[in-house]
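# Descriptive analysis of the structure
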Amino acid sequence: MLIATLVMAAGLAASDAAVPATPLGLFIAEAETWLLHARPLPPDTRLRLLRMQPEDRLQAIIFLRRAGLLTGAVWSVEDLLRPAISAGGEDE
């Protein structure tokens, strides 16, 4: 597992592909930093994911799971598909 993580980290560090300046792209770039520095997910990750549009949220969760960063509770289908919430916590 450690070797796979190191290989993936090296691949991510050597990548010349530009990250799109979308909320999803910025989140994934930040998550790559957490991975490369062996940091855990921040406590507000769930709220940050709920603020994303459902299609971006699903892609972000897939990325986090595949990278080994998201190993906790399972997301329900309702949470995956719910509309994005605003910063105040209410539905948009």
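Thresholds applied
- Residues numbered from 1 in each chain as written.
- Predicted model: local features only at pLDDT ≥ 70, side-chain atom pairs only at ≥ 80, totals over all residues.
- Heavy atoms only, no water.
- pLDDT = per-residue confidence, 0-100.
- Helix = DSSP H or I, 4+ residues; strand = E, 2+ residues; numbered from the N terminus.
- Buried < 20%, exposed > 50% of the residue type's maximum accessible area, 1.4 Å probe, protein only.
- Phe/Tyr/Trp six-rings, centres within 6.5 Å; stacked < 30°, edge-to-face > 60°.
- Lys NZ or Arg CZ within 6 Å of the ring centre and 35° of its normal.
- Axes fitted to C-alpha atoms, helices over the stretch in contact; angles between N-to-C directions.
- Parallel < 35°, antiparallel > 145°, perpendicular 65-115°, else oblique.
- Left-handed = near helix turned anticlockwise from the far one by under 90°.
- Contact = heavy atoms within 4.5 Å.
- Nonpolar A, V, L, I, M, F, W, Y, C, P; charged D, E, K, R; others polar.
- Core = buried A, V, L, I, M, F, W, Y, C linked by side-chain atoms within 4.5 Å.

Summarising the model, the chain shows a mean pLDDT of 84, and 73% of its residues fall at 70 or more. Helix H4 (residues 54–67) holds the highest mean pLDDT among the elements of the chain, 96, whereas helix H1 (residues 2–14) holds the lowest, 61.

Quick look at the environment of Gly25 now. As for its position among the elements, Gly25 is in helix H2 (residues 23–36). When its relative accessible area of 6% is taken as the criterion, Gly25 is described as buried. Along the chain, Gly25 and Ala60 lie 35 residues apart, while their C-alpha atoms are 9.0 Å from each other.

Per the stated rule, a full pass over the model turns up one aromatic pair. Pairing Phe27 with Trp34 gives two aromatic rings, centres 5.8 Å apart and planes at 85 degrees, and the pair type is edge-to-face. Residue class for Phe27 comes out buried when judged on its relative accessible area of 3%. A relative accessible area of 6% places Trp34 in the buried class. Above the face of the Trp75 ring, Arg46 is positioned so that its terminal group lies 4.3 Å from the ring centre.

Let's shift gears to the packing of H2 against H4. Between H2 and H4, the least distance of the axes is 10 Å, while the angle of their chain directions is 15 degrees. In terms of axis orientation, H2 runs roughly parallel to H4. The handedness of the crossing between H2 and H4 comes out as right-handed. Of H4, the residues touching H2 (which contributes Leu24, Phe27, Ile28, Ala31, Glu32 and Leu35) are Asp56, Gln59, Ala60, Phe63, Leu64 and Ala67. Among the residues making up the contact of H2 with H4, the classes are represented as nine nonpolar, one polar and two charged.

Glancing now at the nonpolar core. Here is a general trend for soluble globular proteins: nonpolar side chains tend to be buried in one another's company. In this structure, Phe27, Leu49, Leu64, Leu69 and Trp75 are the most contacted members of the largest nonpolar core, which totals 20 residues. Elements that contribute at least two residues to this core include exactly H2, helix H3 (45–50) and H4. Beyond its immediate sequence surroundings of up to four residues, Phe27 is in contact with Trp34, Thr45, Arg48, Leu49, Met52, Ala60 and Leu64.

Okay, unusual backbone geometry next. The residue Ala38 is not glycine, and still its phi comes out positive at about 55 degrees. With respect to the helices, strands and loops of the structure, Ala38 is situated in the loop between H2 and H3. Exposure remark for Ala38: the relative accessible area of 69% places this residue in the exposed category.

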